[in-house]
Every structure is written in C-alpha cells, then in structure tokens.
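# Structural overview for review
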Amino acid sequence: MLHLIDEGDLRPTAPRIAERAGVSLRSVFQHFRDLEALFAAAATRELERLSALVGPLPVRASRDDRLEAFVAQRTRVLEAITPVRRASLLQEPSSAQLRSSRTRLLALARREVAEVFAAELDRRPRADRVELLDALDAASSWQTWEALRAHQGLSPARARRVVRRVLSALLEEERK
C-alpha cells in the first residue's frame, strides 16, 4: 500500500494492494480484518520509515545551529511523508485510525518544536510563549510545506529556505 501511495496512487484499492504484494485479495483480508487494521499497519510502517530520517536535535547549541538542524530534519521528514499525508487526507473523514495517527504525529512534531526552541520560549511570558509555539508549529507543519511545494511550486531547497526564514523571523521577534 505504501509503495502504491509513494508512486502516486493516493487511493489504492484492496485488489491493487493484493496485486502489488503478489498475494490474493483474500490473503489481504486474512492479514487485516478491515481497512482500519490495514491503515494501522501502514501507519506503523510509515513511522518506522520516518525514524530512519530523524535523530536527536541539538537543544543547547546556538539558536542558529538549532534552527539549521531543525529545519534540515523537519523538511526532510515533510518531503518524505507528503505522498502518505496526501493519501491520508482523502481517507481521514471516514477513518478513526488515520485521524488518531495524525493527532499523534502532530503532537510529536509540536513537542519537538518546543524542545528545540525551549530557550526562546522560556524567555517569554506564558501567553506569548504559547502563541509563539503555535506560530513556530504552524510554520514548520506539513500544511505549510504542502503550500510551498504544491501550491507555490517551490523546489525542496527553496521551500526549506522559506521555512527557515519564517522560523528565524518568528524567533527574531523576541529581540526587538
């Protein structure tokens, strides 16, 4: 299923999944009781694929070093998850499993932002801290990445520079 999605088939059917896997359609449903179970397995496999792209980010380095490492890793992940994310958007309205997976990933991404930029966030009054975290989280989200790549037609390198510039501007705001 994930290979079909990566190749652009955003709504792979069970027969196409079976054909691609080299098994009968019946075999698919012997392994997965329903589509929700298949989505759960796909989400687990996608997390495994993504884990190869991420590592610990510096939290005590200079702001510029943290920003550079964060943007490099985040954009690598965002580019990699784009096909699956696009496919998920089509199925999420009818899939509790996909909505749950999305919620977990968004929480992980937000925690990463909070950890990497804790020094800047901690210097802010509570209300401002939450608003800045919201802004940093939104600016480094897949939705922003998708807007830059698909809607504005930017290359991955240019989209990465834009994300870095926006995050830098948000963080710079505190110095004024």
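Here, the structure is the one placed above.
Read on for a plain summary of the structure. (Residues numbered from 1 in each chain as written. Predicted model: local features only at pLDDT ≥ 70, side-chain atom pairs only at ≥ 80, totals over all residues. Heavy atoms only, no water.)

By the definition in use, this model includes 1 aromatic pair. The residue whose ring lies beneath arginine 85 is tryptophan 142, and the NZ or CZ to ring-centre distance is 5.7 Å. (Phe/Tyr/Trp six-rings, centres within 6.5 Å; stacked < 30°, edge-to-face > 60°. Lys NZ or Arg CZ within 6 Å of the ring centre and 35° of its normal.)

This part covers the layout of surface pockets. Of the pockets and cavities examined, the largest pocket occupies roughly 1,000 Å³. Taken together, 44 residues form the lining of the largest pocket, with Leu47, Leu50, Ile81, Ser101 and Leu105 sitting closest to its centre. Contributions of two or more residues to the lining of the largest pocket are made by helix H1 (2–6), helix H4 (35–51), helix H5 (63–91), helix H6 (96–116) and helix H9 (142–151). Taken together, the residues that form the lining of the largest pocket break down as 24 nonpolar, 9 polar and 11 charged. In this structure, the second largest pocket occupies an estimated 480 Å³ of space. Together, 18 residues line the second largest pocket, and Met1, Leu2, Phe32, Leu38 and Arg45 are the ones closest to its centre. With 7 residues, H4 is the single largest residue contributor to the lining of the second largest pocket. For the lining of the second largest pocket, a count of residues per class yields 10 nonpolar, 4 polar and 4 charged. (1 Å grid on protein atoms, 1.4 Å probe; cavity = no way out; pocket = protein on both sides within 12 Å on 5 of 7 lines; lining within 4 Å. Points joined across faces, edges and corners; volume = space filled by probe spheres on them. Helix = DSSP H or I, 4+ residues; strand = E, 2+ residues; numbered from the N terminus. Nonpolar A, V, L, I, M, F, W, Y, C, P; charged D, E, K, R; others polar.)

Direction vectors running N to C along H5 and helix H10 (residues 156–172) enclose 140°, while the axes themselves pass 10 Å from each other. As far as their axial angle goes, H10 and H5 are oblique. Every pair of crossing elements has a handedness; the one defined by H5 and H10 is right-handed. Contact with H5, carried on its side by Arg63, Asp64, Leu67, Glu68, Phe70, Val71, Ala72, Thr75 and Glu79, involves Pro156, Arg160, Val163, Arg164, Leu167, Ser168, Leu171 and Glu172 of H10 and no other residues of that element. Here the contact of H5 with H10 is composed, by residue class, of 8 nonpolar, 2 polar and 7 charged. (Axes fitted to C-alpha atoms, helices over the stretch in contact; angles between N-to-C directions. Parallel < 35°, antiparallel > 145°, perpendicular 65-115°, else oblique. Left-handed = near helix turned anticlockwise from the far one by under 90°. Contact = heavy atoms within 4.5 Å.)

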